Amino acid sequence: MDSDPVTSWWNAPHLYMVLVGLAGIVVWHVIPRRLSTTRLIVQIAFFLTMSVLLLDGAVLPYEPTRGTETTASAILVGSAKLLWWVHLAWALIGFVRIYLVFERKPREARLLQDLVVGAVYVGMLLSILAFVFGAPVGTLIATSGVFAIVLGLALQNTLSDVFSGIALNLGRPYVLGDWIVLSDGTEGRVVETNWRSTHLLTLAHNVVALPNSFLAKLGLTNVSSPEESHGLSVTIRLAPTKMPAIVADVMNAALQSSNTILRDPPPVVAIKALDATAIEVNLFFRVANVGQRIPAKNEIFDLAYRHSKSAGLRLATPPSSAILMNDLPSEETANLPEVTPIKLINAIPIFSALTDDEKEALAATVTVRTYRKGDIIARQGEMLPSLMIVRAGIIVREHDDDAHPQEVGRLAPGDFFGETGLLAGIGETSTLRAMNHVVVYEIDQQSFAPLLLDRPEMAEDLAAVLSARMSSFGASDIAGQRHTSSKLALLKAMDSVFHAVPFRRVLSANGQDAQERKRP
């Protein structure tokens, strides 16, 4: 008696192969994409299970299907082989995904990743056609050549971008996040690469999409490789009123007093040209990254100007300006600029509220102090009862961290310190050390107190300016307690320092205003 067809169907070993393959597809889609490692492990497990079942059933997935099986058996065998090829392709793709993650090559390698995945899928499709359906793959490929030629001509520009993108990804002149400068002047940070174009984020915060074929034809400079630091240079022209060696020393001091540029490698000063009209020097330095270019250049120009004024150097006239040779300044005839206390007081923000007469009176009380190289001007936490304005030299700010002081900044001619002690009795936030020979102008509390007594309303203006300045350096301590750098707290501190009755009137008015603002 013949067996029941239904029973034979469910007992067929090929059916279990198909069920395992379908289960693998379901699990593949259930596992989230972010768990790529788990997906790969599960996929390999299903692939190996199917391979064992196929070999146990004497089914070779890489051989064409024989015509000896029944229709139902042929369907099951073909389905099992098809699912085996699908799982093989997915396992290979999983390896590609994991490899790129482990190598830390994210979106910049997406084009190559897509090409590999596409090649795997094409290979899977051709294998299924050849070994499952028995199609003549060779003939199919040959007859599709004409169609490929027509399609290639129609997509010539697109294909040029694609293959240029492949070449750029293989050559790897840049990676995602690098800052590149093209020979036509375009520059920006690489934020994305795809099949057709490379996207750059410019300094103006605009995204420029450059076709890969266009990018491959241009020369480019990768300023982020081999490291992120970037070299810059600025040119300064000074009148030939002093020897070039002195000019070089002054410009080197300007570089040494910078708080933006890198110390290692050290900046360099080079005399570029010398004639009757100017001494031209180039200042070479490096910054931590491309984003620091503009702030660093601005600071270097400012420091070069301040150090030149401090050393009595004059800026040269532009080369294109018409000037008689007899009018050119020389070392003997130059009327060198003089840096006086009143000029420095005019440049300090906390004195902007003073009138010209008050500034002149304050400048008349200035005394001069000098420090030798390595001298400690003030230690961290020490209160300076005087305002110090740097006339010449460089002062280093250091934080006393255990036995290893940490440099946090430098002061150049025109900078000032001690204003927190003068006005509010607050200690210095860092230790101040003379880097070289330093000359400072000093204004003490006795000289400044009459101005506040005569015009107590000026205390509010000074407290507002001082509060903003202190906030940029961080909070300080008053009597061992945390200071908030607020305007009202500074007014109270100034009252305790100067013990002036008019201050209490200002404090009382501010306190009443604060209470009224708190009322509903």
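The following paragraphs examine the structure supplied in this document.

Rules used throughout
Residues numbered from 1 in each chain as written. Predicted model: local features only at pLDDT ≥ 70, side-chain atom pairs only at ≥ 80, totals over all residues. Heavy atoms only, no water. Helix = DSSP H or I, 4+ residues; strand = E, 2+ residues; numbered from the N terminus. Buried < 20%, exposed > 50% of the residue type's maximum accessible area, 1.4 Å probe, protein only. Areas by Shrake-Rupley, 256 points an atom, 1.4 Å probe, with all protein chains shown as cover. Pairing = 2+ DSSP bridges. Axes fitted to C-alpha atoms, helices over the stretch in contact; angles between N-to-C directions. Phe/Tyr/Trp six-rings, centres within 6.5 Å; stacked < 30°, edge-to-face > 60°. Salt bridge = Lys/Arg side-chain N within 4 Å of Asp/Glu carboxyl O. Core = buried A, V, L, I, M, F, W, Y, C linked by side-chain atoms within 4.5 Å. Contact = heavy atoms within 4.5 Å.

**Topic: the overall build of the chain**
Summing up its helical and strand segments, the chain has 18 helices and 18 strands in all. Taken over 520 residues, the chain has a buried fraction of 41%. By element, 59% of the accessible surface of the chain is carried by carbon and sulfur atoms, the whole surface being about 28300 Å².

**Let's talk about the sheet that holds strand β2 (residues 187–193)**
One open sheet accounts for 5 strands, arranged β4-β3-β2-β1-β5; its pairing is antiparallel. Sheet topology places β4 (207–211) and β5 (220–222) at the edges, where each strand pairs with a single neighbour. Recorded for the sheet is a direction-independent mean angle of 40° between the axes of neighbouring strands. Direction of pairing for strand β1 (residues 179–182) relative to β2: antiparallel, over a ladder of 3 bridges. Across the sheet, the residue bridging to Ile-180 is Gly-188, located in β2.

**Re the packing of aromatic side chains**
For the structure on display, the rule yields 1 aromatic pair. On the basis of an interplanar angle of 85° and a centroid distance of 5.0 Å, the ring pair of Trp-84 and Trp-85 is categorised as edge-to-face. For Trp-84, a relative accessible area of 11% translates into the label buried.

**Topic: the pattern of salt bridges**
For side chains of opposite charge, pairing can occur when their charged atoms come near one another. This structure, assessed with the given rule, holds 11 salt bridges. Counted as one network, the salt bridges with shared partners bring together Arg-237, Lys-272 and Glu-280.

**Considering the environment of Ile-426**
Residue position: Ile-426 is located in the loop between α14 (419–424) and β15 (431–434). Taking relative accessible area as the criterion, Ile-426 reaches 0% and is therefore assigned buried. Spatially, the C-alpha atom of Ile-426 lies 5.9 Å from that of Met-383, the residues being 43 residues apart in sequence.

**Describing the nonpolar core**
By size, the foremost hydrophobic cluster in this structure holds 24 residues, and its most contacted members are Leu-54, Trp-84 and Met-124. Elements with a contribution of two residues or more to this core: α2 (13–30), α3 (36–56), α4 (71–102) and α5 (110–131). Tallying contributions element by element places α4 first for this core, with 10 residues. With sequence-adjacent residues up to four places away left out, Trp-84 is seen in contact with Phe-47, Met-50, Ser-51, Leu-54 and Pro-61. Core analysis: the next-biggest nonpolar cluster, separate from the first, contains 22 residues, Leu-344, Leu-387, Phe-416 and Leu-451 among them.

**Let's talk about the environment of Leu-82**
Along the polypeptide, Leu-82 turns up in helix α4. As for Leu-82 and Ile-128, which are separated by 46 residues in sequence, their C-alpha atoms are 6.1 Å apart.

**A look at the pairing of strand β8 (residues 279–287)**
In terms of burial, β8 is largely enclosed, as 7 of its 9 residues are buried. Pairing of strand β6 (residues 230–238) with β8, which is carried by 9 bridges, proceeds in the antiparallel orientation. Bridging from a neighbouring strand, Leu-232 pairs with Phe-285 of β8. For strand β7 (residues 268–274) and β8, the ladder comprises 6 bridges, and the chain directions are antiparallel. Bridge assignment links Val-269 to a residue of β8, and that residue is Leu-283. Two successive antiparallel strands, β7 and β8, enclose a turn made up of 4 residues.

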